[in-house]
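Now for the letters of each chain:
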Amino acid sequence: MKSIAILGAGSFGTALAVHAATVADDVRLWARRPPLADALATARENATYLPGVELSPTIRVTADLDDLVDCDIALMAVPSHGYREALRALLDRRRDPEPLAVVSATKGIEVESLARMSRVAREESEASGAAVRSAVLTGPSFAAELGRGLPTVLVVAAHDESLATLLRERLASPALRLYSSSDVVGAELAGATKNVIAIAAGVVAGLDLGQNTLAALITRGLHEITRLVVASGGDERTVAGLAGLGDLVLTCTGGLSRNRKTGIELAAGKTLDEITGGTQMVAEGIRTSLAISRLAADLGVAMPITEQVVALLYEGKDPRRALEQLMTRELKPETIL
């Protein structure tokens, strides 16, 4: 694997491109909007999404998917609601008979189909006839820190363990340590669901409810993630690792978390339209909360924090009322599942 394409020139996609340039000579960064691609190519900086981080001269920025068709690895860093469209457009252009390694860095689920990104990749591969080997890159990682080369540790998961191992060795660097896993279900669901819990953590912070409350929320949120992962066929040990606990703690406590910021704004009385209309950044937990809630209902999994987040976002529920309902639920023994 010699050439790496990154689809999505937001903050994390740009950070991945900056990192990829340290381990590969041929890196191509695709931006959906041509004006953004032109700006990045000229300024060698993503002033909108990742200011202050220089793009290596070896990174080729483009808005043309035809420029990516001969790459060996496609790192997908587009929002979940645009994932299928972007991957379909790339695969429809691809003529290489060798399988393309499609690595999802997207922490979300399709609202309409409840499909994880690995399922989207499989479906689009079958529809296009282009061979795909699918993997997931996830774990605790803020784009600003990854882009600056600060030490980061992630996990790469694939059903094909040889692919996970290959990507682990290919993408790792002194600044990015990677562990491999075969639990794609756990890696994807943990990465997506922690964003929902992080919105609730932002509400806790915004209401100034203290560290006791936050610690309890993170712990009970971890229980919700574990129940969903196990019910979906994943491994509860994954939730205790980087893809679960590691990412959950970072997103619930870090000041750079978009999902946590969304919760803070909800606590301040802002509506969903006001929150989403005031930024170009995508907080995946907003849309994913709907998908996770529906998936949990289909599986018969109790996820009370997730239910309250959906009510806050889409029903205009008062944040203090949501907390009161969580605190007055039926008392019972503490169990993981």
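Right above here is the structure, for reference.
Thresholds, definitions, all that
Every chain is numbered on its own, with residues counted from 1 as its sequence reads. In keeping with the predicted nature of the model, local features appear solely for residues at pLDDT of at least 70, side-chain atom pairs appear and are counted solely at 80 or more, and the whole-chain, interface and lining totals rest on all residues. Hydrogens are left out, water is left out, and the side-chain values use all remaining heavy atoms of the structure. Working convention: axes come from line fits to C-alpha atoms, limited for helices to the stretch in contact. Angles between N-to-C directions cover 0 to 180 degrees. To qualify as a helix, a DSSP run of H or I must reach at least 4 residues; to qualify as a strand, a run of E must reach at least 2; elements of each kind are numbered from the N terminus. An angle below 35 degrees is read as roughly parallel, one above 145 as roughly antiparallel, one from 65 to 115 as roughly perpendicular, and any other as oblique. It is the rotation of the near helix from the far one that decides the hand of a crossing: anticlockwise by less than a right angle makes it left-handed, clockwise makes it right-handed. Whether two residues touch is decided by their heavy atoms; if any such pair falls within 4.5 Å, the residues are in contact. Gly counts as polar in this scheme, as do all residues outside two lists: the nonpolar Ala, Val, Leu, Ile, Met, Phe, Trp, Tyr, Cys and Pro, and the charged Asp, Glu, Lys and Arg. At least two DSSP bridges between two strands are required for those strands to pair. Accessibility here uses a 1.4 Å probe with only protein chains present; expressed as a share of the type maximum, an area under 20% marks a residue as buried, one over 50% as exposed, and anything in between as partly exposed. By arc we mean the arc of the directions from the helix axis to the C-beta atoms, nothing more. A clockwise course of the path from the first strand over the helix to the second, judged with the strands pointing away from the viewer, identifies a crossover as right-handed. Should a side-chain nitrogen of Lys or Arg be within 4 Å of a carboxyl oxygen of Asp or Glu, the pair is scored as a salt bridge.

So, the packing of helix H7 (residues 184–206) against helix H13 (residues 284–299)
Here's step 1: The interhelical angle for the contact between H7 and H13, taken along N-to-C directions, is 110°, at an axis separation of 8 Å. Classified by the interaxial angle, the pair formed by H7 and H13 is roughly perpendicular. Like other packed secondary-structure pairs, H7 and H13 cross with a definite hand, here left-handed. On H13, the residues that touch Leu189, Ala192, Thr193, Asn195, Val196 and Ile199 of H7 are Glu284, Gly285, Ile286, Thr288, Ser289, Ile292 and Leu295.
Here's step 2: Taken together, the residues of the contact of H7 with H13 break down into seven nonpolar, five polar and one charged.

Regarding the sheet that holds strand E7 (residues 100–104)
The strands making up a sheet are joined through hydrogen bonds of the backbone, oriented either antiparallel or parallel.
Here's step 1: Pairing is mixed across the open sheet formed by eight strands, whose spatial order is E5-E2-E1-E6-E7-E8-E9-E10. Because the sheet does not close on itself, it has two edges, and the strands there are strand E5 (59–62) and strand E10 (176–181). Sheet twist, expressed as the mean angle between neighbouring strand axes with direction ignored, is 25°.
Here's step 2: Bridge analysis of strand E1 (residues 3–7) against strand E2 (residues 26–30) gives five bridges, and the strand direction is parallel.

Looking at helix H6 (residues 161–171)
Here's step 1: When H6 is considered as a whole, its buried residues turn out to be Leu163, Ala164, Leu167, Arg170 and Leu171. End-on view of H6: buried residues confined to an arc of 135°, all on one side of the axis. With respect to the buried face of H6, the exposed residues turned more than 90 degrees away are Glu161 and Glu169.

Here's the deal with the pairing of E2
Here's step 1: Burial within E2 is extensive, with four of its five residues counted as buried.
Here's step 2: In this view, the connection linking E1 to its parallel neighbour E2 by way of helix H1 (residues 11–20) has right-handed handedness.
Here's step 3: Two strands pair when backbone bridges link them, and E2 and E5 are joined in this way by four bridges, in the parallel orientation. Across the sheet, leucine 29 pairs through a bridge with valine 61, a residue of E5.

Looking at the pattern of salt bridges
Here's step 1: Considering all chains together, one arrives at 19 salt bridges under this definition.
Here's step 2: Among the ionic pairs, arginine 60 bridges to aspartate 67, the shortest N-O distance being 3.2 Å.
Here's step 3: With its nearest N and O atoms 3.6 Å apart, the salt bridge here joins lysine 270 to glutamate 265.
Here's step 4: On the accessibility criterion, lysine 270 (38% relative accessible area) is partly exposed.
Here's step 5: Through salt bridges with shared partners, a single ionic network connects Arg84, Arg88, Glu110, Arg119, Glu123 and Glu124.

Considering the side chain of asparagine 259
Here's step 1: Along the chain, the position of asparagine 259 falls in helix H11 (residues 258–267).
Here's step 2: In this structure asparagine 259 comes out as buried when scored by relative accessible area, which is 6%.

Side note on the packing of H7 against helix H14 (residues 304–314)
Here's step 1: One way to put it is that H7 packs onto H14 with a least axis distance of 9 Å and a crossing angle of 70°. What the angle tells us is that H7 and H14 run roughly perpendicular. Crossing handedness for the pair H7 and H14: left-handed. Contacts from Val196, Ile197, Ile199, Ala200 and Val203 of H7 reach H14 at Ile305, Thr306, Val309, Leu312 and Leu313.

In short, geometric facts, not functional conclusions.
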